[in-house]
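What follows is the residue order along each chain.
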Amino acid sequence: MPLVMLCPACDLAHRCTAAPAFVRTRCVRCHKPLQVARDATIDTAIALAACASVLMFLANVYPLVAMHVNGASRQTTLIGAALGLYDQHYKMLAVLVFLTIFVAPLLHVVTLLYVLVPMWIGRSAYGQNFVIRLITRVRPWSFTEVFLLGSVVALVRLAKFAHVVPGIALWSCVLLMLCLSAMTSRTSSEQLWQWAGRGPP
Amino acid sequence: MTGRAATGRSLGLLVCLDCHLTMRDAKAPQMRCARCHARLHERKPHSLALTTTLLVLAAILYVPANLLPVMDTQTIIDDESDTIISGVLVLLHSGSWPIAMLVFVASIVVPLLKILALAVLIYSAWRRLPNGRMQRSQLYRAVEFIGKWSMLDIYAISLLATLVQVQSFASIIVGWGAWAFGAVVVLTLLATHTFDERLLWDAR
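Residues numbered from 1 in each chain as written. Chains lettered and ligands numbered in written order. Predicted model: local features only at pLDDT ≥ 70, side-chain atom pairs only at ≥ 80, totals over all residues. Heavy atoms only, no water.

Enquirer: Looking at this structure, how should I read the interface of chain A and chain B?
Expert: Accessible area lost during the coming together of the parts is what is often quoted as the interface size. Taken together, the contacts link 61 residues of chain A with 66 residues of chain B. The junction of chain A with chain B conceals about 5,900 Å² of combined surface from both sides, 70% of it contributed by carbon and sulfur atoms. It is Arg29(A), Tyr90(A) and Arg157(A) that lose the most area in chain A upon contact with chain B, and together they represent 12% of the buried surface on that side. When the shortest N-O distance is used, the salt bridge between Asp11(A) and Arg43(B) registers 2.9 Å. Taken together, the links from chain A to chain B amount to 22 residue pairs in polar contact (both at pLDDT 80 or more). For the side of chain A that touches chain B, the secondary structure elements donating two or more residues are strand 1 (4-6), strand 5 (65-69), strand 6 (72-76), helix 2 (78-87), helix 3 (91-120), helix 4 (128-138), helix 5 (144-159) and helix 7 (189-195) of chain A. When residues in the side of chain A that touches chain B are grouped by element, the largest group, twelve residues, is from helix 5 of chain A. (Contact = heavy atoms within 4.5 Å. Buried area = accessible area lost by both parts, 1.4 Å probe. Salt bridge = Lys/Arg side-chain N within 4 Å of Asp/Glu carboxyl O. Polar contact = N/O pair within 3.5 Å; in protein donor to acceptor, adjacent residues only side chain to side chain. Helix = DSSP H or I, 4+ residues; strand = E, 2+ residues; numbered from the N terminus.)

What follows is the structure, given as structure tokens:
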């Protein structure tokens, strides 16, 4: 029997052929992407992940927005937004915000670097298989781009009665969003397994 | 398509939903993926029952999420409660209609459409409706894609509540509507996750 691969979205069986050099293959029935192109290099993914980690540092260290009103001023950082909810006793909401804007993106970038760097020098990280699975589980909960638009909405509402100044962290978030989406599109689970040398033939 | 298509189910093969490796039924030790050790299932276990439960909870909470105030703005002159829809109106009156549209779509239209779409998907998967499978699969992927955008208002509220704490001038207190709204978003995200897309394609 020839090698077969199943479509994870519709369960259709496909005869397994070598992955094409430049394009993704899709399921003939439901058009779900099946294989990744062979030409993808690991260097770009590592560069993007390194870039994302720097931006994430900036986004968390510097203030996100500052507000000046009647001589008083207040500013907040990214984590401060989650802590604000915590202070008002909405602990579950605070945890949700904290997980989706801080923990998930951080874990995503750190785990990617953890498996990609050893792959790059031709080794495999300790617990690689588990970590790759962790990446695919964490990824859907990283909501940086949504947070960015949410803060734009908050700024617009505040601008009516206060002077608001976007901080370094907000601009870092813009770049981080672009960086994370470029990184995510280059590191599908098929791609990670292919780099790990355990992809389909 | 004519005749029966060869599927994993008809060939006795399993695909790992975490790493997309295909393997033989019997070769997978203790129903774990040979490559990433994720648990394997022919279909996600109790997919329809779980999705329905989560969806019903989300639909119930959608009511308080829209009726209860999401935040309470207290200033020296007045005390104003905002629900999600009145927040949209505030944005509209302050002249920023693109942002108002964005919040309206992300917080009111998207959750409602998501609940309706998942209900349609559950019904068609349960009845195994044979027509328009491609469209329903696309609907599912659209729901998967836009799901997280409903969090937008939660983030906006959390930032507002953190920033606007100027003593004796103004402060913003989060309301229970925000809690209900957050719960709706999480429940619909989980419902999308527990739904097995392959059920849409299973033959009668």
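Enquirer: Sorry if this is basic, but what is going on with a nonpolar patch on the surface here?
Expert: Residue and element names in this part refer to chain B. Taken together, the side chains of Ile 85, Leu 89, Leu 92, Trp 97, Met 101, Phe 104 and Val 105 make up a nonpolar region of the molecular surface, amounting to roughly 640 Å² of accessible area. Those elements that provide at least two residues to the nonpolar patch are helix 3 (84-93) and helix 4 (97-127). The element contributing the most residues to the nonpolar patch is helix 4, with four residues. Locating Ile 85 in the fold gives a position in helix 3. (Patch = residues over 30% accessible without salt bridge, like charges linked within 9 Å, V, L, I, M, F, W, Y side chains within 5 Å. Areas by Shrake-Rupley, 256 points an atom, 1.4 Å probe, with all protein chains shown as cover.)

Enquirer: So what exactly am I meant to see when it comes to the side chain of Thr51(B) here?
Expert: Residues and elements named next belong to chain B. Structurally, the position occupied by Thr 51 is in helix 2 (residues 47-67). Given a relative accessible area of 0%, Thr 51 falls into the buried group. At a separation of 2.5 Å, a polar atom in the side chain of Thr 51 contacts the main-chain carbonyl oxygen of Ser 47. Once residues lying within four places of it in the same chain are set aside, the contact partners of Thr 51 are Ile 122, Ala 191, Thr 194 and Phe 195. (Buried < 20%, exposed > 50% of the residue type's maximum accessible area, 1.4 Å probe, protein only.)

Enquirer: Any chance you could explain the packing of helix 5 of chain A against helix 4 of chain B here in plain terms?
Expert: In a packed pair of helices, the relevant descriptors are the angle between the two axes and the axis-to-axis distance. In contact at an axis separation of 11 Å, helix 5 of chain A and helix 4 of chain B are set at 130° when each is read in the N-to-C sense. Taken together, the axes of helix 5 of chain A and helix 4 of chain B lie oblique to each other. The two elements helix 5 of chain A and helix 4 of chain B meet at a crossing, and its hand is left-handed. The segment helix 5 of chain A lies against helix 4 of chain B, with Leu149(A), Val152(A), Val153(A) and Val156(A) engaging Ile99(B), Leu102(B) and Val103(B). (Axes fitted to C-alpha atoms, helices over the stretch in contact; angles between N-to-C directions. Parallel < 35°, antiparallel > 145°, perpendicular 65-115°, else oblique. Left-handed = near helix turned anticlockwise from the far one by under 90°.)

Enquirer: So what exactly am I meant to see when it comes to the environment of Ala38(B) here?
Expert: Topologically, Ala38(B) is positioned in the loop between strand 2 (22-24) and helix 2. Considering only alpha carbons, one finds Ala38(B) and Leu54(B), 16 residues apart in sequence, at a separation of 23 Å. Filtering out sequence-adjacent residues up to four positions away, Ala38(B) remains in contact with Arg133(A), Arg137(A), Cys16(B), Asp18(B), Met31(B), Arg32(B) and Cys33(B).

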